[in-house]
Structures are given as C-alpha cells and as structure tokens.
Amino acid sequence: MRILNPLRIAFKAIILNKVRSLLTMLGIIIGVASVIAMLAIGEGSKESIRATITSMGSNMITVRPGSDVRGGVKQERSAMETLKLTDYLALKEEASLLTYISPLVNGSGQVISGSNNWPSSIYGVNPDYLKIKTTELQSGSMFTDAEVQTAAKVAVIGQTVVDNIFPDGKDPIGQMIRFNNIPFTVIGVLEVKGENTFGQDQDDIVIAPYTTVQKRILAVDFLESIVASSINEEKAPEAVLQVSEIMRTQHKLTESTANDFNVKSMEELISTFSSTSEMLTLLLVAVASISLLIGGIGIMNIMYVSVKERTKEIGLRLAVGGKESDILMQFLIEAILISLTGGFLGVTLGLSATFFIENFLNWPTSVTSYSIIISFAVCAVTGIFFGWYPARKASALDPITALRYE
Amino acid sequence: MSKEIIKIEDLKREFMMGTEKVQALKGISFGIQQGEFVTIMGSSGSGKSTLLNILGCLDQPSSGIYEIDGVKVKDLTKNELATIRNEKIGFIFQSYNLLAKTSAIENVELPLLYNSKVSSEERRERAIKVLKMVGLGERMHHTPSQLSGGQQQRVAIARSLVNNPVMILADEATGNLDTRTSYEIMSLFQELNKQGITITFVTHEPDIATFSSRTIVLKDGNVISDYKNEAIQSAAEQLANLPKENH
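Please read all numbers here as calculations on a predicted model, not as lab measurements. (Residues numbered from 1 in each chain as written. Chains lettered and ligands numbered in written order. Predicted model: local features only at pLDDT ≥ 70, side-chain atom pairs only at ≥ 80, totals over all residues.)

*Asks:* How should I be thinking about the overall build of chain A in this particular structure?
*Replies:* Scanning chain A from terminus to terminus reveals 13 helices and twelve strands. By the burial criterion, 41% of the 406 residues in chain A qualify as buried. By sequence separation, contacts in chain A at least 24 residues apart represent 82% of the contacts at least 6 residues apart. (Helix = DSSP H or I, 4+ residues; strand = E, 2+ residues; numbered from the N terminus. Buried ≥ 20, exposed ≤ 12 C-beta atoms within 10 Å, placed from the backbone. Contact = placed C-beta atoms within 7 Å.)

*Asks:* When you look at the overall build of chain B in this model, what are you seeing that I'm missing?
*Replies:* A count of helices and strands for chain B gives eight helices and ten strands. For chain B, contacts bridging at least 24 residues in sequence account for 70% of all contacts bridging at least 6.

*Asks:* Just checking my understanding: could you explain the environment of Y183 of chain B for this structure?
*Replies:* Residues and elements named next belong to chain B. In this fold, Y183 is placed in helix 6 (residues 179–194). Counting along the chain gives 59 residues from Y183 to L242, while the straight-line C-alpha distance between them is 9.6 Å. When residues no more than four places from it in sequence are discounted, the contact partners of Y183 are A235, Q238, L239 and L242.

*Asks:* Sorry if this is basic, but what is going on with helix 4 (residues 120–133) of chain B here?
*Replies:* Residues and elements named next belong to chain B. With 14 residues, helix 4 ought to run about 20 Å at 1.5 Å a step, and its terminal C-alpha atoms sit 20 Å apart, in line with that. Within helix 4 the residues assigned to the buried category are R123, R126, A127, V130 and L131. Seen from one end, helix 4 has its buried residues packed into an arc of 135 degrees, which puts them on one side. Opposite the buried face of helix 4, by more than 90 degrees, sit the exposed residues E121, E122 and E125. Turning to helix 4, the residues buried within the fold contact helix 3 (104–113) and helix 5 (149–161). Where helix 4 ends, the next residue or the one after it, G135, has phi of about 80 degrees, a positive value. (Expected span 1.5 Å × (residues − 1). Arc of directions from axis to C-beta.)

*Asks:* Sorry, what's going on with the environment of F11 of chain A here?
*Replies:* All names here are of chain A. Here F11 shows up in helix 1 (residues 4–16). Looking at F11, the number of C-beta atoms within 10 Å reads 14, which means it is partly exposed. Separated by 319 residues in the primary sequence, F11 and Q330 have C-alpha atoms spaced 8.7 Å apart.

*Asks:* What is the right way to look at the interface of chain A and chain B in this model?
*Replies:* When the parts of a complex come together, some accessible area is lost, and that lost area is often used as the size of the interface. At the junction of the two partners, chain A supplies 18 residues and chain B supplies 21 residues. At the level of elements, helix 1, helix 10 (311–319), helix 11 (324–360) and helix 13 (399–403) of chain A are the ones that each hand at least two residues to the side of chain A that touches chain B. The element best represented in the side of chain A that touches chain B is helix 10 of chain A, accounting for four residues.

*Asks:* How should I be thinking about the sheet that holds strand 2 (residues 20–33) of chain B in this particular structure?
*Replies:* The strands that make up a sheet pair up through hydrogen bonds in the backbone, lying either parallel or antiparallel. All names here are of chain B. What the four strands build is an open sheet, ordered 2-1-4-5; its pairing is antiparallel. The sheet terminates laterally at strand 2 and strand 5 (71–72), the two strands that pair on one side only. Of the pairings in the sheet, the one linking strand 1 (residues 4–17) to strand 4 (residues 63–68) comprises five bridges and is antiparallel in character. Within the sheet, the bridge partner assigned to E9 lies in strand 4 and is I65. (Pairing = 2+ DSSP bridges.)

*Asks:* It is not clear to me how the sheet that holds strand 8 (residues 198–203) of chain B should be interpreted in this structure. Could you clarify?
*Replies:* All names here are of chain B. Taken in spatial order, the six strands make up an open sheet running 6-7-8-3-9-10, and their pairing is mixed. Strand pairing shows two members of the sheet lacking a second neighbour, strand 6 (89–92) and strand 10 (222–228), which therefore form its edges. Shown here is a sheet whose adjacent strand axes are inclined to one another by a mean of 15 degrees, direction ignored. (Axes fitted to C-alpha atoms, helices over the stretch in contact; angles between N-to-C directions.)

*Asks:* It is not clear to me how the packing of helix 5 of chain B against helix 6 of chain B should be interpreted in this structure. Could you clarify?
*Replies:* Packed helix pairs are characterised by how far apart their axes lie and by the angle those axes make with each other. All names here are of chain B. Where helix 5 contacts helix 6, the two axes come as close as 10 Å, and the packing angle between them is 20 degrees. When the interaxial angle is binned, helix 5 and helix 6 end up roughly parallel. Regarding helix 5 and helix 6, the two cross each other, and that crossing is right-handed. Contact with helix 5, carried on its side by G149, G150, Q153 and I157, involves T181, E184, I185 and L188 of helix 6 and no other residues of that element. (Parallel < 35°, antiparallel > 145°, perpendicular 65-115°, else oblique. Left-handed = near helix turned anticlockwise from the far one by under 90°.)

*Asks:* Quick question: what am I supposed to make of unusual backbone geometry here?
*Replies:* Peptide bonds are, in most cases, trans, and in most cases residues other than glycine have a negative phi. Residue and element names in this part refer to chain B. Of note, the phi angle at D10 is positive, near 50 degrees, even though the residue is not glycine. With respect to the secondary-structure elements, D10 resides in strand 1. The backbone of N97 shows a phi angle near 50 degrees, a positive value even though the residue is not glycine.

*Asks:* Would you explain the nonpolar core in this entry?
*Replies:* Nonpolar side chains in soluble globular proteins generally cluster together in the buried interior. Judged by nonpolar contacts, the single largest core of 116 residues is most densely connected at V32 and I36 of chain A together with I92, V108, L131, A158 and L169 of chain B. With 13 residues, helix 2 (residues 18–55) of chain A is the largest single contributor of residues to this core. Beyond its immediate sequence surroundings of up to four residues, V108 of chain B is in contact with A127, V130, L131, V155, A158, R159 and V162 of chain B. In terms of nonpolar packing, the next biggest core, distinct from the first, is built from 53 residues, V63, M142, V148 and L218 of chain A among them. (Core = buried A, V, L, I, M, F, W, Y, C linked by C-beta atoms within 7 Å.)

*Asks:* Quick question: what am I supposed to make of the confidence of the model for chain A here?
*Replies:* Note that predicted coordinates carrying low pLDDT should not be read in detail. Taken as a whole, chain A shows an average pLDDT of 84; of its residues, 93% reach a score of 70 or greater. Across chain A, the secondary-structure element scoring lowest on mean pLDDT is strand 2 (residues 69–70) of chain A, at 62, and the one scoring highest is strand 7 (residues 154–157) of chain A, at 93. (pLDDT = per-residue confidence, 0-100.)

*Asks:* Hey, could you run me through the confidence of the model for chain B in this one?
*Replies:* Chain-level pLDDT for chain B is 89 on average; 98% of the residues reach the 70-or-more range. The ipTM assigned to the predicted complex is 0.91, against a pTM of 0.69.

*Asks:* What am I meant to see in the pairing of strand 3 (residues 37–41) of chain B here?
*Replies:* Each regular strand carries side chains that alternate between the two faces of the sheet. Residues and elements named next belong to chain B. Where burial is concerned, most of strand 3 is hidden: five out of the five residues are buried. Burial along strand 3 is two-sided: the face carrying F37, T39 and M41 and the face carrying V38 and I40 are both buried. Pairing analysis gives five bridges linking strand 3 to strand 8, with the strands arranged parallel. Along strand 8, the bridge assignment pairs I40 with V202. Two strands pair when backbone bridges link them, and strand 3 and strand 9 (residues 214–219) are joined in this way by four bridges, in the parallel orientation. Bridging from a neighbouring strand, I40 pairs with I216 of strand 9.

*Asks:* For this particular structure, what's the right way to read the pairing of strand 10 (residues 206–209) of chain A?
*Replies:* As paired strands, strand 5 (residues 116–125) of chain A and strand 10 of chain A are joined by four bridges and run parallel to one another. Bridging from a neighbouring strand, V125 of chain A pairs with P209 of chain A of strand 10 of chain A.

*Asks:* How should the environment of Y370 of chain A be read in this particular structure?
*Replies:* All names here are of chain A. Its location among the elements puts Y370 in helix 12 (residues 369–395). You can call Y370 exposed: it has 9 C-beta atoms within 10 Å. C-alpha of Y370 to C-alpha of I36: the two residues are 334 residues apart in sequence and 9.2 Å apart in space.

*Asks:* Got a minute to help me understand helix 3 of chain B in this structure?
*Replies:* The α-helix winds at 3.6 residues per turn, so residues separated by three or four positions along the chain end up facing the same way. Across the ten residues of helix 3 of chain B, nine count as buried, placing the element largely inside the fold. Looking only at helix 3 of chain B, the buried set comprises A104, I105, N107, V108, E109, L110, P111, L112 and L113 of chain B. Where helix 3 of chain B is buried, its residues meet helix 1 of chain A together with helix 2 (78–87), helix 4 and helix 5 of chain B.

Spelled out as structure tokens, the structure:
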C-alpha cells in the first residue's frame, strides 16, 4: 500500500502530462541515441583504419645480417653470410612472440616463357611468407612445406610478371616458366597489391621455396634475411627484443660485443597506426562528451523547469496531507520512469540509426557496449537527479509558500 | 457544552518584508466549538488569510498557542502536521486549486491517496458519496476545464469533505464567483453545517457573513469584534429572492 500509492500517483501524473513527459523523454532519447550512433561510426572508422594498416603488415619483423668493415671496405650486408638457416630454426623454435616466420633469400634475373621474357626478382621463402605479408592468392595455391623440403621447382608469381610473360591472357597456372634458365611450374598467382608507399611494384615478384632458390639459383647456404610477424602490433617492440636475445645466443656474442645483425620492426607503420588511433579515440571521446554534456543540460533544463512549474501542485498535495516523503517519492518515481523509458527508447533508436547507417549508407560502424552503458547511465542519472532535486526543494517549502508560487 | 475544536491564545505571526518586520497577527485569542459556522471578516491586510493558513496548519505561528481537536500544533513535526491536514482539516481555496486534466472524482480522491489506512475501493466509494453530497453525482468524470467555476468549487468542497475532517476552512471560497453561484455555494455550506460539520469561512463580503452563526472581525491583526449572529439568513431563501436571470 505504501509503495503502491506513490506509484499510482506518479504514473497518473505522467499520463496526465503526456506532452511534457514526452518532451522530457525526447531529451534523453536523443542524448542516448546520438552518443551511441556517433561512437558506433567512430569506432567503425577506427576499426576499418586498423584493418587497412594491419593489411600493410604492420607487425612484420625483419632480421638482417649486420654490415661490417673488412679491409677498410664496408661490405654489403648479405655478403657477411652470417645469417644461417640455424638462426631461422632457433627463432622458429624459441621466439614465443612470433606467429609466422620465414627465411628469405632473393635474387634477380630474367623470367622467360616461350618468346616472352621479363626482368624480375625471385624470393625464396617458406609458406608462412604470404601470412607475414598478409597477401592472398587470386588463383592456384601456395607451395607446401613438403615442396620446400624437396626443393621443388614450383613458383607463385605476381600479376606484373603474368602480364608480361603471358600477354595473350593464357591461364598461367600449370605453365612452365624459366628463371635464369631454371624451369619452374607456376602453381599460383598473387592478388594484385599495386605499388607500395615507396613506389615499388609489389606485383613484380616470383616466389619459390627458399631451398630451391638457395640451391638451384643462388647456390648459397646463408640467408638474406628472416622475416616474421609478431602476435600483434603492440607486442612488436617486445618481439624485437626477444628475437635479438635469441640471435645473440645463437651467434655466441659476449656482452661486450655489438650485434652482428639487425632486427627491425615496421616502427613507422606502428607509430602511424597508434597516433592515428589515438587521435581518433580522442576525437571520439571529445565528440561523445560534448553530446553527453549537451544532452545532459537539455535533460536538466526540462526536468528542472517541469518540476518548478509544478510547485503549486506540490503545494496543493502538501495542503491536502501529502507528506514531504510522499511528494519526493512521487517525483523520484516519475523521474525514474521517464529517464529509464527514455533511456531504453534512446538505445533502441541509437541501434536502429546505426543499423541504417551501416546498411543503407554503407559506412563502417561498430557498436560498443561501453557507449550504451555510459550514455544510458549519464542520461538516466542526470534525469533522475534533476527530477528529484527541485522536487526536494519544493516539498521542503511550507505548503502555503509552495501554493503561492507563481 | 459542546466540544471545543479550535483554541488559540495570544497567537502572533510576524513576517520579514525586506528589513522591516511586519506583524500580521498581534496576539489573537478565541475558540471555536463543534458545529459552529464562523465567518472571519476583515478588509485586505487585516490578517484574516494569515490566520486561516495557521488554522489550516499550512503556516506556523511565530508565537502563541494553537490547539486543534485537543492537539497542540506547535510541538508537531512536519509529517505530523501533514497527517493533521490530511485527517482533521478540509481546506478550500479561493482559486479552487484542482489538479488540471484530472477528473472530478480523482481530484476528490487525492487526500485519501495520502492516507494509507484507506483502501482503493473505500476511496472510490467515499469520493462518489461526497460528490453526490455536493450535487455533482452526474459530473464525476469531468475535468476542471469542463466544469463551471461554481462546479469546480463544489469539487473542491467535496475534496475537503472526503477525509471526514473535524473542520472545514474556506479562504474566500466565493471570491471568484458571481452572486447567484456564491449563494448556491453558501447554501451548500449551510446544509453541511446542519449535518454537524464545523465551518470557518474567511470573507470580506458582509452579506456572506449573514449566513453564518458567528462573526469574528479582524482589523490590523487584532480582533475588533466577535459576535453571535442572532438572525441567520438562509442562503437558499436569498437565492430564491434573487431576480431571475435573463438568459
């Protein structure tokens, strides 16, 4: 009975003032919905930027031999011949922060098929290489570990090579090509990547098992470099340290000796990514705070004014015997009902708006649970507080003062 | 001798108007017996509304004693005062003070909503009963905007009666009404008074005072006269004597 009556009174008051209740709710609805939709758009763009940057191989780590001076002449890095297959095996075995790892040897030469030829580079790698480079095949398949073991004469080629040695549009898969007179069977074609940021054509490439390239083309047993990918971008710096550690042990370097190798991560890409994502996060937080602030002020105003203009009603309720606590309870329940209903409608509207933007405007969006929780909480708490606070002041007045309030 | 419902002794009320202290009531004493129909007369500024607000427990005296139905009001907390207003007093305002957009019956039920002893069935029953008593049995579901001034005041009277108060206090209850409607309302009050309800009525119109059994006249915060009305006029008769309206 004690709780039923205030509920009944509050409910009646809301029904009686449909327009006012709706307007009050509208402030909350729009506040919540706009924050959810805006954060969804922001998060969506952030994720799509992240995906783009990740596809550039931002977690790639490269190990190269260090350069050295021999007889007063600086030698080319690969001439050092210090990077061995054992280093690759040790890293593959011990480096826990790496997901994929591949040795790399490369050489350049002429690709020939029938009467067509084209100067290109050959990369000797293992099957992990495509994952490290986040590259897919547009047709055919990648060679297998078994084909690496047997130094099979198979190759995956880029689109530029295809265009130049199969100008008649013949399906390259299964065709025989020759690289520096060594015959290879084409088993796959890489997807088109275009030029990289430095203007290098990433499609002008022939990929073959590193064993094949080492033995049959270059006749070497050292590696040009070792490429790997760390678990994720954030772990890249740690992975670099881990790799250095393992390499030092491998090369039996004493503490006073400098590294005879270089470990590089894609630091520029990583810092670009983190600064971009930080900027976006900041922007999002700023936009969301402003909309929440404005929404909150709107709710505050409507609640404050609508309670103020009911001071007379409060006076009457006091005069016919309503206790201060009865009045407070009524306004508190009213504020809770309005705020929660408005909040739920706002979440619904925000989610529908996001759905619409995603499916009809084709913007990437991503709804985060924290945006729902925070916007709902801020609006509801503001609504409830500013519904309750002026009511508290009004119900503490002498009935006659409240009655005479104009 | 019948029971004394109201007893006030040396009642004072002061207001601060800016820096100036204004004495609205300068020490008033009187008592009201059960079943009396008292009018409190006085020009504006005489303190009559202030007095009524104190009697209605809407306002507190600065000093002096006020007892209603044997209870000393001065010692009461806010909540106890609310209970007194709810259970012992029916207050009627000049401007009716009905809740807008709320039906007559719901307006009448309002005081009972704050009385947890009354069930919802009893609440409805009692509201219907008092609305019939004031002659609005046919208009229970009309909202104030669909009622005339006189009818709105009847709703307010019904609301004041619904809690079975020991006393009804009316503040210029006919002040917003034309003569004919005023007389109708006064005849209703006289009827209620005949049924034993104590009424205290504040007015500045001398003809209204002739319908009551006792008149207290206030001037500048003091009682200047307090007399029994020997020749009580019947509002119903006066109403019959009014010239027929020509519309």
